[in-house]
Amino acid sequence: MNLLLSSEHLKAEALRLGFFAVGLSPAEPLSAERVAQREAWLQEGFHGEMAYLERNEDKRRDPRLLVEGVRTIVSVAMNYNTLTPEAAATDHIPIARYARGRDYHDVMKARLNEWLVDLADTYGAASLEGARAFVDTAPVDERYWAWRGGLGWIGKNRQLIIPGAGSYFFLGELFLPLPADRYDTPVPNRCGNCTRCLTACPAQALSERGLDARRCLSYLTIEYRGSELPKGVGRQMGEMFYGCDRCSTCCPWNRRAQPTTEAAFYPSEELQQMTLDDWRTLSVETYQRLFKGSAVKRAKYAGLQRNIAALSEAEEDETP
Ligand code: SF4
Ligand code: SF4
């Protein structure tokens, strides 16, 4: 008898483990439409210096080349929003919402690996041999799989939007070597005529052709490795020097975004108390303490200093 994963059981377990949403897809190649979108995006050079997005494209297009024998992809979303809609109005932490607490890679990977152990108990270790958990660290088109698994749609801001819950979610996947008794169906795009994110972007990084990372403040303040930010970027940054949430905060689907129950994603008291002067005089020791186990370390100390220095570009404009 062929063993089948129970969709109902998997979904109940995902919720028990603290995931907000879960969906199942058959492990098949990406749709022709998605492949064409990716090809056009790469050809435009919209990925900037993120050369890793060009590599292993064959595996990204066909998950069976990444994990031999995979039959089912389980996509999960974990809420990282730490602000109520009211608190968001007076929020002043100059770091993107997703990066204020513990590094999501660690939190989600640990949760997914715990799940794999439970699944091996349920279905038998031999049946689950080769199963893998991924969180943003392998050539996996996460938003596509979340869409394909029925979690939400990919908005014009290029984020996965969950109906009624918004886009403040981390995504992760289990690649499982068993077929499931039921797969989910994709959610239709509900952006409609809205173009708020395109207008709200201070860098004109968003268009119908996708996200041009080379212009995006999130890319420039986190991924870009130049010793100085390109001229004019400081003016666009406002007060944020790590990431940029503007194409999320403006999205009407985030108006009712509820705060997460994951304590790990909340900022420390010390981070909340930091003033602009504190940031300008940030020492290596304070940096190490504030961002121990945090995704902010991706920009490194020198990168943060570079970003903080760029804030004065806007102030220079205001000097009479
Ligand atoms: S993160 Fe900021 S700069 Fe990047 S696309 Fe969104 S609004 Fe534009
Ligand atoms: S702001 Fe509007 S267009 Fe942009 S992602 Fe949200 S709903 Fe879609």
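One can find the structure itself at the top, above this paragraph.
Residues numbered from 1 in each chain as written. Chains lettered and ligands numbered in written order. Predicted model: local features only at pLDDT ≥ 70, side-chain atom pairs only at ≥ 80, totals over all residues. Heavy atoms only, no water.

### Section: the site of ligand 2
- Contacts to ligand 2 come from Gly155, Lys156, Asn157, Ile161, Cys191, Cys194, Arg196, Cys197, Cys251, Pro252 and Trp253.
- In terms of residue class, the shell around ligand 2 is built from 7 nonpolar, 2 polar and 2 charged. (Near = heavy atom within 4 Å. Nonpolar A, V, L, I, M, F, W, Y, C, P; charged D, E, K, R; others polar.)

### Here's the deal with the pairing of strand S6 (residues 169-176)
- A large share of S6 lies buried, amounting to 8 of its 8 residues.
- Taking every second residue as pointing to the same face, both faces of S6 are buried, with Phe169, Leu171, Glu173 and Phe175 on one and Phe170, Gly172, Leu174 and Leu176 on the other.
- Two strands pair when backbone bridges link them, and strand S2 (residues 72-79) and S6 are joined in this way by 8 bridges, in the antiparallel orientation. Across the sheet, the residue bridging to Val76 is Gly172, located in S6.
- Pairing of strand S3 (residues 132-134) with S6, which is carried by 3 bridges, proceeds in the antiparallel orientation. (Buried < 20%, exposed > 50% of the residue type's maximum accessible area, 1.4 Å probe, protein only. Helix = DSSP H or I, 4+ residues; strand = E, 2+ residues; numbered from the N terminus. Pairing = 2+ DSSP bridges.)

### Concerning the pattern of salt bridges
- Per the stated rule, a full pass over the model turns up 15 salt bridges.
- Residue Asp91 pairs with Arg100 through a salt bridge whose shortest N-O separation is 2.8 Å.
- Judged by its relative accessible area of 5%, Arg100 falls in the buried class.
- Its salt-bridge partner being Arg289, residue Glu270 comes within 2.6 Å of it at the nearest N-O pair. With Glu270 in helix H12 (residues 269-273) and Arg289 in helix H14 (residues 284-290), the pair connects residues that are 19 residues apart, well separated along the chain.
- By relative accessible area, Glu270 is classed as partly exposed at 32%. (Salt bridge = Lys/Arg side-chain N within 4 Å of Asp/Glu carboxyl O.)

### Digging into the packing of aromatic side chains
- For the coordinates displayed, the defined rule picks out 17 aromatic pairs.
- When the ring of Tyr80 is compared with that of Tyr98, the centres are 6.5 Å apart and the planes differ by 75 degrees; the resulting orientation is edge-to-face. Remark: Tyr98 occurs in the loop between helix H5 (85-88) and helix H6 (104-123) and Tyr80 occurs in the loop between S2 and H5; sequence separation between them is 18 residues.
- By relative accessible area, which is 8% here, Tyr80 ends up buried.
- Relative to Trp279, the ring of Phe241 has its centre 4.9 Å away and its plane inclined at 70 degrees; by these criteria the two rings are edge-to-face. Placement of the pair is Phe241 in the loop between helix H10 (233-237) and helix H11 (246-249) and Trp279 in helix H13 (residues 276-280), with a sequence separation of 38 residues.
- You can call Phe241 buried: its relative accessible area is 0%.
- Through a chain of ring-to-ring contacts, the aromatic side chains of Tyr80, Tyr98, Tyr104, Tyr168, Phe170 and Phe265 assemble into a single cluster. (Phe/Tyr/Trp six-rings, centres within 6.5 Å; stacked < 30°, edge-to-face > 60°.)

### Digging into the site of ligand 1
- In the neighbourhood of ligand 1, the contacting residues comprise Cys201, Pro202, Ala205, Leu206, Leu211, Cys216, Leu217, Ser218, Cys244, Arg246 and Cys247.
- Broken down by secondary-structure element, the contributors of at least two residues to the shell around ligand 1 are helix H9 (217-222) and H11.
- Along the lines of polarity and charge, the residues of the shell around ligand 1 split into 9 nonpolar, 1 polar and 1 charged.

### What about the side chain of Ser248?
- With respect to the secondary-structure elements, Ser248 resides in helix H11.
- In terms of polar contacts, Ser248 uses its side chain to reach the side chain of Gln159, at 3.0 Å.
- Setting aside anything within four residues of it in sequence, one finds Ser248 in contact with Asn157, Gln159, Ser167, Tyr168 and Asn254. (Polar contact = N/O pair within 3.5 Å; in protein donor to acceptor, adjacent residues only side chain to side chain. Contact = heavy atoms within 4.5 Å.)

### A short note on the sheet that holds S6
- Ordered by their spatial adjacency, 4 strands build an open sheet running S1-S2-S6-S3, and the pairing between neighbours is antiparallel. The open sheet has two free edges, formed respectively by strand S1 (21-26) and S3, since each of these has just one partner strand. Strand-to-strand, the axes of this sheet are offset by a mean angle of 20 degrees, without reference to chain direction.
- Lying on the sheet, helix H1 (residues 7-16) is in contact with S1 and S2; it crosses S1 at an angle near 145 degrees.
- With respect to the sheet, H6 is in contact with S1, S2, S3 and S6, its orientation differing from that of S6 by roughly 30 degrees. (Axes fitted to C-alpha atoms, helices over the stretch in contact; angles between N-to-C directions.)

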